[in-house]
Amino acid sequence: MNGFAALYHQRLRRDGLQLALWIGITALLAFAAYAGVKDSFGTEQDRQSLLVAAIANPVILLFRGLPSGAGEGAFIAFLIVPFLCMLAAFMSSFLAVRHTRADEETGRAELVGGTPAGRMLPTVVTLVHGLIANLVLALLTALALVAAGLEAAGSFVVGSAAGVVGVFFLGLGLLTSQLMRTSRGANTVSVTVLLVTYLLAGIGNALGTPSDDLQRMESSWLTWLSPFGWAENSRPFADDDLWPLVLCTLVGIAFAVAAIALQSIRDVGSSFVAERAGRVDAHAALGSMTALVWRLSAGSIIGWAIGGAISGLLATTLASVVEEVSAENPSIEAVLNQMMASQGSIEQGLLTTFFVMIGILAACAGVQTITRARQEETHGTAELVLATPIDRVRWLFDFVIVGFAAIVIILAAGLGAASVGIALNDGDPDLYRSAVTVALGQVVAASVFLVLTALVFVLAPRGTIAVGWSLVLLAAVIGLFGPIFGMPENVTWLSPVAAAPVPVTDGVDVRGLWWLLGAIVVAGAASFGLMRRRELAAGG
Amino acid sequence: MTTVIRTSGLTKNYGRVHALDGLDLDVEEGQVHGFLGPNGSGKSTTIRILLGLARATGGEATVFGGDPWRSAVALHRRIATVPGDVSVWPNLSGGETIDLLSRLRGAERKDPVYRASKARLSEAFQFDPRKKGRAYSKGNRQKVALIAAFAVPADLYILDEPTSGLDPLMEVVFQREIARVRAAGATVLLSSHILSEVEQLCDRVSIIRAGRIVESGTLAQLRHLTRTEVSFTAADDASLSGIPGAHGVRVEDGRAHLTVDSDAIAETLPALGALGVQGLRIEPPSLEELFLRHYGDDLVAAEAASDPGARSS
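Residues numbered from 1 in each chain as written. Chains lettered and ligands numbered in written order. Predicted model: local features only at pLDDT ≥ 70, side-chain atom pairs only at ≥ 80, totals over all residues.

Asker: What is the right way to look at the overall build of chain B in this model?
Answerer: On a plain count of helices and strands, chain B comes out with 11 helices and 13 strands. Taken over the C-alpha atoms alone, chain B extends approximately 75 × 50 × 45 Å along its principal axes. Put simply, chain B has 313 residues, and 38% of those count as buried. Across chain B, every contact between residues at least 6 apart in sequence was considered, and the portion connecting residues at least 24 apart equals 69%. (Helix = DSSP H or I, 4+ residues; strand = E, 2+ residues; numbered from the N terminus. Buried ≥ 20, exposed ≤ 12 C-beta atoms within 10 Å, placed from the backbone. Contact = placed C-beta atoms within 7 Å.)

Below, the structure written as structure tokens:
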């Protein structure tokens, strides 16, 4: 038992801050959701009309929960339960892999396995550690809702829903850690299952059977294949049905038991799924620095592009829903008009807002590509390449050019999905033209972050990662929330994403374009000019 | 003979630290030049300057007569290198990394000569090219860099502690490769702190200490600087006083030990013969002793620090 205490203590020490953040954010999100609903959908009538619109529009159900009526609690559960579950799921599956396969991969497990703790105990301790973390998450989330003013029973069902989905993914993480050879492989499988089951629940809800008054949806069978679907079908504040949660817990525990059984019959360091062997010879295309940067970045660029496509689809499909809702509710219409004051119709305003978000995603991808250059430098692989006939300036240029390609790809994905949305609605050519304009504008805006981060990389390499991401975060906050907080225009214009050209009632507002292009030219020229004189700065 | 690498008065400061403090190094064409010194003595800094990865603070450095900082790309077409601490890309397989680096150095994908030498080296180094970079041990990462360096011919090989992490069998393979490129007329700068390796492979040796070259020459030249060790069976030192050229005569555990200037050993032999010595052993000075001549005081300091008796008294 002594070994148990020591290993549990070690896990707490390693995870303490991280778990506090995951759990704190989950509870805060629950608390904030209540405030948001009180603000935007204060009356029963507001909520009813939104549910009608949501049930009529499958896209919303894809990204939200299961409608169970317009009561305050049930409505919040509809809006927030899937996200709370998702946070618990990510926390738990990473936790499981971190303390089992990752330890094994780095050789730490061998260090522990050599002591009387043995092979099995670390996995058991990780299971207990994860169960306790999910229990705390469930309790605090429930308490946050109670503190916000909701009734206790429903609040605890919401908390438990998140907790049991956490337990499901804790078990899954333990199991994938047994099956896969690397922590990366185990995390990839877990996260893929997470995303697929999340979508399954959403699609299942969208295909469900609505009640006659369009206030409640019965999930189709697809939803019942997903832990997220089980959690949603507890219908907190409406039915408070616990058996789907029990089902979810049992499956999670079954995974964990299977993991422990597999652990008992295999060697430390081995796995049931052999790691896929790499290529003996490089692909014909992998013969230049540009190809290398592309190879290193492609995976994450695809990820950002999927985010861009989803945002693009929402940009043009949500507008019709919002218009429906606001037509029935003068109060909502008034709020919306205030937000979209300068941009003509609600459609235009939503389109711009969503493309600003896609622009931020693209900026993230650009910044990430440059931080990759920094990682190459500190990791030591830059030295391997720069000792071959590759010019320093050309080396940096390749990161910048791939970063720019990433920005274009992400906005193209957003624009493509937005066009699909327009075609599905009414094929409005004006809206299509607006989409092209804002997309092009955001390409320019995101490129500003790309070259600014490159400049930081050249001048102050150690600051590359911190400064690059801070710039994006700052610009996102100013650009997205500045107008709502009533910041003056010349302040919000400091944010490239807000300064990018937007369609207005009478044409296109291109005033911001000039400073963006100026910044790109100046920072770009400075980066490449100074790179000529820059030494390799390997020190972390 | 033409000079391939020349540095004179080379200095490099990192802040207040003088990593190089007036380094003079000459490497002639066709030489295998040992570059000897412990960690932190400035070997890797010198190599980074020669590769144009770092810029000299002062002094001069030329490689093939060119400035390594300004003409890095042109020079790198003729250079193969193994860095001191090899890192590889975690998601590229070893085979892919070797191909990438070779292609960057100008190898053609379908060139049968390149493909054959890659296959031969993978075989010789017993290297599995299918594993992903993140799965490789230090020794395997070292093999990636070595195979990439030797798979494409070069005029100059700059190798920074290339055998650290290799087992003794692989060191033999490495020595064979050095012999092969030397026979092809290439020049090698081999940085190392493994003295036996340098002793076996190198025509000339430069010993670096605190950013300066403190000793440079052929092994034969350097050996003149030290004495040859002579020992034989002896009960006491009664008859040992008359040996010409003998220094530091002492008897220990039934053996007499003495040292003789290496170029005067022939004059000592008749006296030894006259004594009718048994169990005679004559050992030429090892590189280790050469090395300790320059680093002996560091060793004394290190021993003092690690001896608990010395600390408590």
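Moving on from the coordinates now.
Asker: I'm lost on the pairing of strand S6 (residues 156-160) of chain B in this one. Help?
Answerer: Consecutive residues of a regular strand have side chains that alternate between opposite faces of the sheet. Residues and elements named next belong to chain B. Burial runs high along S6: 5 of the 5 residues are buried. Side chains Leu156, Ile158 and Asp160 project from S6 onto one buried face, and the interleaved Tyr157 and Leu159 project onto a second face that is buried too. Bridge count between strand S5 (residues 79-82) and S6: 4 bridges; the pairing is parallel. Bridge pairing links isoleucine 79 to leucine 156 in S6. With 5 bridges connecting them, S6 and strand S7 (residues 187-192) associate as parallel partners. Within S7, the residue paired with leucine 159 across the bridge is leucine 190. This β-α-β element, S6 to helix H6 (residues 168-183) to S7, shows right-handed connectivity. (Pairing = 2+ DSSP bridges. Right-handed = clockwise from strand over helix to strand, strands pointing away.)

Asker: When you look at the domain arrangement of chain A in this model, what are you seeing that I'm missing?
Answerer: Quoted interface sizes are often the accessible area lost when the parts come together. On domain assignment, one finds that chain A holds domain 1 (2-264) and domain 2 (289-531). Relative placement of domain 1 of chain A and domain 2 of chain A: their C-alpha centres are 31 Å apart. (Domains from an automatic or database assignment.)

Asker: Help me understand the interface of chain A and chain B in this model?
Answerer: Opposite the 25 residues of chain A that make contact, chain B presents 27 residues. Of the residues forming the side of chain A that touches chain B, the biggest block, 5 residues, is contributed by helix H15 (residues 381-386) of chain A. Its residues assigned to classes, the side of chain A that touches chain B shows 14 nonpolar, 6 polar and 5 charged. (Nonpolar A, V, L, I, M, F, W, Y, C, P; charged D, E, K, R; others polar.)

Asker: In this structure, what is going on with the pairing of strand S13 (residues 278-283) of chain B? I would like to understand it.
Answerer: Residues and elements named next belong to chain B. Taking burial as the measure, the 6 residues of S13 include 0 buried ones, a minor fraction of the element. In this sheet, S13 lies alongside strand S10 (residues 227-233) in antiparallel orientation, the contact comprising 4 bridges. Residue pairing in the sheet places serine 231 in a bridge with arginine 281 of S13.

Asker: Is there a simple way to think about helix H1 (residues 43-50) of chain B in this case?
Answerer: Turn by turn, an α-helix covers 3.6 residues, leaving residues three or four places apart pointing in a common direction. For H1 of chain B, the buried fraction is high: 7 of the 8 residues fall into the buried class. Immediately beyond the C-terminal end of H1 of chain B, within one or two residues, lies glycine 52 of chain B, with a positive phi of roughly 70 degrees.

Asker: Would you take a moment to explain the environment of leucine 250 of chain A for this structure?
Answerer: Topologically, leucine 250 of chain A is positioned in helix H11 (residues 243-264). Residues leucine 250 of chain A and phenylalanine 168 of chain A lie 82 residues apart in sequence; the distance between their C-alpha atoms is 8.1 Å.

Asker: Before we go on, may I ask you to explain H11 of chain A in this structure?
Answerer: Residues and elements named next belong to chain A. Taking 1.5 Å of rise per residue, 22 residues should cover 32 Å, and H11 covers 32 Å from first to last C-alpha, within 8% of that figure. Within the sequence span of H11, burial applies to Pro244, Leu245, Cys248, Thr249, Gly252, Phe255, Ala256 and Ala259. Taken around the axis of H11, the buried residues stretch over an arc of 145 degrees, which confines them to a single face. Residues of H11 that are exposed and point over 90 degrees away from its buried face: Trp243, Ala261 and Ser264. The elements touched by buried residues of H11 are helix H7 (121-148), helix H8 (152-179) and helix H10 (227-232). (Expected span 1.5 Å × (residues − 1). Arc of directions from axis to C-beta.)

Asker: How should I be thinking about the packing of helix H4 (residues 112-124) of chain B against helix H5 (residues 138-151) of chain B in this particular structure?
Answerer: The description of two packed helices rests on the angle between their axes and on the distance between the axes. All names here are of chain B. Running from N to C, H4 and H5 cross one another at 145 degrees; their axes reach a closest spacing of 9 Å. Once H4 is placed against H5, the crossing between them reads as right-handed. The segment H4 lies against H5, with Tyr114, Ser117, Lys118, Leu121 and Ser122 engaging Ile147, Phe150 and Ala151. Across the contact of H4 with H5, the residue classes tally to 5 nonpolar, 2 polar and 1 charged. (Axes fitted to C-alpha atoms, helices over the stretch in contact; angles between N-to-C directions. Left-handed = near helix turned anticlockwise from the far one by under 90°.)

Asker: I'm lost on the nonpolar core in this one. Help?
Answerer: As a rule of thumb, soluble globular proteins bury nonpolar side chains together. Counting residues in each nonpolar core, the largest one holds 146 residues, and the members touching the most others are Ile410 of chain A together with Ile147 and Tyr157 of chain B. With 17 residues, helix H17 (residues 429-459) of chain A is the largest single contributor of residues to this core. With 79 residues, the next largest nonpolar core counts Ile60, Phe169, Ala186 and Ala259 of chain A among its residues. (Core = buried A, V, L, I, M, F, W, Y, C linked by C-beta atoms within 7 Å.)

Asker: What am I meant to see in the domain arrangement of chain B here?
Answerer: Residue and element names in this part refer to chain B. Domains assigned within chain B are domain 1 (3-78 + 154-222), domain 2 (89-148) and domain 3 (227-284). Distance between the C-alpha centres of domain 1 and domain 2: 24 Å. Listed as interface residues are 9 residues of domain 1 and, on the opposing side, 7 residues of domain 2.

Asker: What's the story with the sheet that holds strand S11 (residues 246-252) of chain B in this structure? I'm lost.
Answerer: Remark on secondary structure: sheet strands pair via backbone hydrogen bonds, oriented parallel or antiparallel. Residues and elements named next belong to chain B. As summarised here, the arrangement of the 4 strands in space is S11-S12-S10-S13, forming an open sheet in which the pairing is antiparallel. The strands lining the two open edges of the sheet, one partner per strand, are S11 and S13. Ignoring strand direction, the axes of neighbouring strands in this sheet form an average angle of 15 degrees. As defined by bridge partners, S11 adjoins strand S12 (residues 255-261) across 5 bridges and the pair is classed as antiparallel. Within S12, the position partnered with valine 251 by the bridge is alanine 256.

Asker: Honestly, the sheet that holds strand S3 (residues 32-36) of chain B in this entry has me stumped. Any pointers?
Answerer: Residues and elements named next belong to chain B. As summarised here, the arrangement of the 6 strands in space is S5-S6-S7-S3-S8-S9, forming an open sheet in which the pairing is mixed. Edge strands, defined here as strands with exactly one partner in the open sheet, are S5 and strand S9 (212-218). On average, each strand axis in the sheet is inclined to that of its neighbour by 15 degrees, with strand direction left out of account. Sheet analysis places S3 next to S7, joined by 5 bridges and oriented parallel. Looking at the pairing, phenylalanine 35 lines up with serine 191 of S7.

Asker: What am I meant to see in the environment of valine 37 of chain A here?
Answerer: Residue and element names in this part refer to chain A. Position of valine 37 among the secondary structure elements: in helix H1 (residues 2-40). On the neighbour-count criterion, valine 37 (21 C-beta atoms within 10 Å) is buried. Spatially, the C-alpha atom of valine 37 lies 7.0 Å from that of isoleucine 76, the residues being 39 residues apart in sequence. Excluding residues within four positions of it along the chain, valine 37 makes contact with Glu72, Phe75, Ile76 and Leu79.

Asker: What is the right way to read unusual backbone geometry from this model?
Answerer: For residues besides glycine, phi is generally negative; the peptide bonds are generally trans as well. Here the phi dihedral of aspartate 240 of chain A falls at roughly 45 degrees; this positive angle occurs in a residue that is not glycine. Position of aspartate 240 of chain A relative to the elements: it lies in the loop between H10 and H11. Backbone geometry places phenylalanine 64 of chain B, a non-glycine residue, at a positive phi of 50 degrees. Tracing the backbone through its elements, the reader meets phenylalanine 64 of chain B in the loop between strand S4 (58-63) and helix H2 (72-76). For phenylalanine 64 of chain B, a count of 19 C-beta atoms within 10 Å gives the class partly exposed.

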